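Residue-level structure breakdown
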Amino acid sequence: MNWITNYVRPRINSIFSRREMPENLWQKCDECGTMLFHRELSDNLNVCTNCGHHMAISPRERFKALFDGGVFSEIAVPEPVADPLHFRDQKKYPDRMKAAQKSTGEKEAMLVAFGEMGRTPIVAVAQDFAFMGGSMGMYVGNAIIAAAEHAVKLKRPLILFSAAGGARMQEGILSLMQMPRTTVAVQMLKEAGLPYIVVLTHPTTGGVTASYAMLGDVQIAEPNALICFAGPRVIEQTIREKLPEGFQRAEYLLDHGMLDRVTKRTEMRDELITITRMLLGLPPAIRGDLPAPEPESPPAEAAKPAKQSENDPKPKPATSK
Amino acid sequence: MTQYLEFEKPLAEIEGKAEELRALGRANEEMDVADEAAALDVKAEALLRDLYKNLTAWRKCQVARHPERPHCRDYIEALFTEFTPLAGDRNFADDHAVMGGLARLDDRPVMVIGQEKGSDTKSRILHNFGMARPEGYRKAVRLMEMADRFGLPVITLVDTPGAFPGKGAEERGQSEAIARSTEKCLQIGVPLISVIIGEGGSGGAVALATADRVAMLEHSVYSVITPEGCASILWKDAEKMREAAEAMRLTAQELRKLGVVDRLIDEPLGGAHRDRDASIKAVGKALNAMLAEMDGKTPAALIKNRREKFLAMGSKGLAA
């Protein structure tokens, strides 16, 4: 204890901490370059107020805007085996995971929740591109299966927001196997007669597009979202020609008959309410501000299956070794 | 003349020398080269055995892509009778990368579908190097549906670098076509047996290989992305494909350990291309054995078991 630790250091610290504040208050639109005030931007769901460009939005932020009063209950996703292949490229896979967890504050690339949207009970699942490119590994597979199982159990529609670069290479073939696996999850919904609505957001590519993200009853995309199997760079390298303007963007896919609709994020919620209520044979939703609902206490029958599978360390392997 | 792979160069030298000696012997009757040539043959075989004893993952990829490796057409022609190709997706085109049709396997009618890479420049272009477009997957869906309606088992032979990354393919819904093909695999109430005979390239392979039983030839590979693709993304250097191939665990042996593959089919020494007939016979035997395992199962049980198999998939890693 001396003069330096007691007096000088706190002074220095306080000078620096004061300067930290204003940094994140403004964000530049990647499309038109307008500086946008953070609160205004988040009120507009990360859509540029000047040019309408849709920037990324985290699953949590999206759910806050989707569910009535921002209230939703998370559904626990069974933990898969960590680093199943002991994969290492330039970095170890577990290190990449930790870095992604730190930068996003999320455990993995998918968030599953249930709640009400315009007083319509739903299950929703959203993919996080910020988490290792939203890549589909065993966790994402588990998340979609958990979501589908809950939807079937609770007899609710499932709304899925996709965003991914494709399969998670660090899980090798096991990530590829999530394609048939998530397809089984979609079949559970279809057989239960429940709507499965996919909202494709920027970007949705590779094995994700080639499985659960293209199997919705209704396929909606956000404006200008890149949606494809093979990315534009790969195609340009293969066919060695320039691709047309807007190729593989939402509007282009709509023109080519691959989507039902392209809808602005700010209008998405209303549209999802309208569509799900019609598919479920419910009366039209009451428009306008409703009081926030009571947080839905996780019904016993809903919470159980996730718990059970969580406690079950060894789901039955497909084949013996 | 066999085409040698890069790692087979020392072998090429020895076999070349033996060949030269024999040629010399034929030209010059006084020279007795038989013993020397035979000694070289022994040496070559020992080297071949040694090379193939522990192939690295990347070498396996090279063997799996060997241009003389038997392809889908070779298997269909040799193993099936009355093969009657059925063409088209009834929507846009007939994709020659996917061949399929009715055929008999040991007199039993089946639907056989597979990816064909072609065997010379002309046929490779015709078959688009085994890279299917949406029409190929939609044809597969159509044939699987037909098989389901008439109670015919479906056999798929997988050999593709991946689905075709092209402008038209994307415009016509490559991803949707793959997704629907995988979905159809999970819906049909007839046995579905798949053999990966060469390359199992990503979604383009899984769309046909979501099967009751999946077998792989000893030196075939199956992966989520090509080693070159993986290397260029994760290593930022496509030349690191050896490391990427190793890290992805794409060999038949490792996939068997992971429970993704149900059966391995032995290849002749030096790979399937060194004895095509033996490889084809081995695949035929495996197909019959796997089909027999499905005998007497009801459509409902088949669908249920197949779904459960894939639901459990990817919940288990390599044993630590």
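Please read these numbers as outputs of a predicted model, since none were measured by experiment. (Residues numbered from 1 in each chain as written. Chains lettered and ligands numbered in written order. Predicted model: local features only at pLDDT ≥ 70, side-chain atom pairs only at ≥ 80, totals over all residues. Heavy atoms only, no water.)

1. Quick word on the overall build of chain B
- Helix and strand counts for chain B stand at 14 helices and 8 strands.
- By the compact-globule yardstick of 20 Å for 320 residues, chain B fits well, its C-alpha radius of gyration being 21 Å.
- Counting only residues that meet the buried cut, chain B has 57% of its 320 residues in that class.
- Contacts in chain B between residues far apart in sequence, at least 24 positions, make up 72% of those at least 6 positions apart. (Helix = DSSP H or I, 4+ residues; strand = E, 2+ residues; numbered from the N terminus. Rg over C-alpha atoms; globule rule 2.2 N^0.38 Å. Buried < 20%, exposed > 50% of the residue type's maximum accessible area, 1.4 Å probe, protein only. Contact = heavy atoms within 4.5 Å.)

2. Considerations on the domain arrangement of chain A
Residue and element names in this part refer to chain A.
- Partitioning chain A into domains gives domain 1 (23-55) and domain 2 (57-280).
- Relative to domain 2, the C-alpha centre of domain 1 lies at a distance of 23 Å.
- In this assembly, 6 residues from domain 1 lie in contact with 7 residues from domain 2.
- Interface area, domain 1 with domain 2, both sides summed: about 660 Å², of which 61% is carbon and sulfur.
- In terms of surface lost to domain 2, no three residues of domain 1 exceed Leu-45, His-54 and Met-55, which account for 74% of the buried area on that side.
- For the pair domain 1 and domain 2, the number of links is 0 salt bridges.
- Our enumeration of links across domain 1 and domain 2 arrives at 3 residue pairs in polar contact (both at pLDDT 80 or more).
- Partitioned by chemical class, the residues of the side of domain 1 that touches domain 2 number 3 nonpolar, 3 polar and no charged. (Domains from an automatic or database assignment. Buried area = accessible area lost by both parts, 1.4 Å probe. Salt bridge = Lys/Arg side-chain N within 4 Å of Asp/Glu carboxyl O. Polar contact = N/O pair within 3.5 Å; in protein donor to acceptor, adjacent residues only side chain to side chain. Nonpolar A, V, L, I, M, F, W, Y, C, P; charged D, E, K, R; others polar.)

3. So, the UniProt feature "domain: CoA carboxyltransferase C-terminal" (unreviewed entry) in chain B
- Residues given the UniProt feature "domain: CoA carboxyltransferase C-terminal" (unreviewed entry) here are residues 39-293 of chain B.
- For the annotated span residues 39-293 of chain B, helix accounts for 47% and strand for 20% of the residues, and the straight-line distance between the end C-alpha atoms is 46 Å. (UniProt positions renumbered as here; feature names shortened; annotations may be inferred.)

4. Description of the sheet that holds strand β9 (residues 261-262) of chain A
Residue and element names in this part refer to chain A.
- Pairing within the open sheet is mixed, and its 7 strands lie in the order β3-β4-β5-β6-β7-β8-β9. Only two strands of the sheet have a single partner each, and these edge strands are β3 (72-74) and β9.
- Note that strand β6 (residues 158-164) and strand β7 (residues 196-204) share 6 bridges and pair parallel. Counted as the bridge partner of Ile-159 is Ile-197 from β7. (Pairing = 2+ DSSP bridges.)

5. Some details on the pattern of salt bridges
Residues and elements named next belong to chain B.
- Counted according to the given criterion, the structure contains 40 salt bridges over all chains.
- Salt-bridge contacts for Arg-65 lead to Glu-228; the nearest nitrogen and oxygen are separated by 2.8 Å. Here the residue Arg-65 occupies a position in the loop between α3 (57-64) and α4 (72-79), and Glu-228 occupies one in helix α10 (residues 227-235), the gap between them amounting to 163 residues.
- Overall, the relative accessible area of 28% leaves Arg-65 in the partly exposed class.
- In this structure, the salt-bridge partner of Arg-249 is Glu-254, at a minimum N-O distance of 3.4 Å. Residue Arg-249 shares its accessibility class with Glu-254, and that shared class is buried.
- Beyond isolated ion pairs, a larger network of salt bridges with shared partners links Arg-65, Lys-117, Asp-159, Glu-199 and Glu-228.

6. Observations regarding the environment of Glu-271 of chain A
Residues and elements named next belong to chain A.
- In this structure, Glu-271 sits in helix α11 (residues 265-279).
- When the C-alpha atoms of Glu-271 and Gly-134 are compared, they prove to be 25 Å apart, with 137 residues separating the residues in sequence.
- Every residue in contact with Glu-271, bar those within four places of it in the chain, is listed here: Ile-220, Arg-261 and Thr-263.

7. A look at α3 of chain B
All names here are of chain B.
- Counting buried residues in α3 gives 7 out of 8 residues, a clear majority hidden from the surface.
- Of all the residues in α3, the buried ones are Ala-57, Trp-58, Lys-60, Cys-61, Gln-62, Val-63 and Ala-64.
- At its buried positions, α3 is contacted by α2 (34-53), β5 (192-201), β7 (221-223), α10, α11 (241-248) and α12 (252-257).

8. With respect to the interface of chain B and chain A
- Taken together, the contact between chain B and chain A spans 57 residues of the former and 56 residues of the latter.
- Of the roughly 4,800 Å² buried between chain B and chain A, counting both surfaces, carbon and sulfur atoms make up 69%.
- The salt bridge partner of Arg-307 of chain B is Glu-191 of chain A, with a shortest N-O separation of 2.8 Å.
- Between chain B and chain A we count 11 residue pairs in polar contact (both at pLDDT 80 or more) in total.
- Where the side of chain B that touches chain A is concerned, the elements lending two or more residues are α7 (167-171), α8 (174-185), α9 (202-209), β7, α10, α11, α12 and α14 (299-312) of chain B.
- Considering each element in turn, the side of chain B that touches chain A owes the most residues, 8 residues, to α8 of chain B.
- Class assignment of the residues belonging to the side of chain B that touches chain A gives a composition of 26 nonpolar, 14 polar and 17 charged.

9. Overview of the nonpolar core
- Membership of the largest hydrophobic core comes to 118 residues, with the highest contact counts inside it found for Tyr-212 of chain A together with Tyr-222 of chain B.
- Of the residues forming this core, the biggest block, 10 residues, is contributed by helix α5 (residues 138-154) of chain A.
- Tyr-212 of chain A has contacts with Met-110, Gln-127, Met-136, Val-140, Ile-144, Leu-160, Thr-182, Val-186, Tyr-196 and Val-198 of chain A, leaving out every residue within four places of it along the chain.
- Judged by nonpolar contacts, the second largest core, of 26 residues, contains Ile-76, Leu-217, Ile-265 and Met-294 of chain B. (Core = buried A, V, L, I, M, F, W, Y, C linked by side-chain atoms within 4.5 Å.)

10. Concerning a nonpolar patch on the surface
Residues and elements named next belong to chain A.
- On the surface, Leu-25, Trp-26 and Met-35 cluster together into a nonpolar patch covering about 300 Å² of accessible area.
- You can see Leu-25 is positioned in the loop between α1 (3-20) and β1 (26-28).
- For Leu-25, a relative accessible area of 31% gives the class partly exposed. (Patch = residues over 30% accessible without salt bridge, like charges linked within 9 Å, V, L, I, M, F, W, Y side chains within 5 Å. Areas by Shrake-Rupley, 256 points an atom, 1.4 Å probe, with all protein chains shown as cover.)

11. Digging into the side chain of Asp-159 of chain B
All names here are of chain B.
- With respect to the helices, strands and loops of the structure, Asp-159 is situated in strand β4 (residues 154-160).
- A polar contact of 3.3 Å, which involves the side chain of Asp-159, links it to the side chain of Lys-117.
- Once residues within four sequence positions are removed from consideration, Asp-159 is found in contact with His-71, Gln-115, Lys-117, Gly-130, Ile-197, Gly-198 and Glu-199.

12. Some points on the packing of α3 of chain B against α11 of chain B
Residue and element names in this part refer to chain B.
- Where α3 meets α11, the closest approach of the two axes is 7 Å, and the angle between their N-to-C directions is 95 degrees. If you check the angle between α3 and α11, you find them roughly perpendicular. Two secondary-structure elements touch here, α3 through Ala-57, Trp-58 and Cys-61 and α11 through Met-241, Arg-242, Ala-245 and Glu-246.
- In the contact of α3 with α11, the residues fall into 5 nonpolar, no polar and 2 charged. (Axes fitted to C-alpha atoms, helices over the stretch in contact; angles between N-to-C directions. Parallel < 35°, antiparallel > 145°, perpendicular 65-115°, else oblique.)

13. Observations concerning the environment of Met-146 of chain B
All names here are of chain B.
- Mapped onto the elements, Met-146 comes out in helix α6 (residues 134-150).
- Residue class for Met-146 comes out buried when judged on its relative accessible area of 19%.
- In this structure, the C-alpha to C-alpha distance between Met-146 and Ile-188, residues 42 residues apart in sequence, is 9.7 Å.
- Leaving out residues up to four positions away in the same chain, Met-146 has contacts with Leu-86 and Met-111.

14. Things to note about the pairing of β7 of chain A
Residue and element names in this part refer to chain A.
- Taken across its 9 residues, β7 has 8 buried, putting it largely inside the fold.
- Looking at chain direction, β7 and strand β8 (residues 218-221) are connected through 4 bridges and run parallel. Within β8, the residue paired with Val-199 across the bridge is Ile-220.

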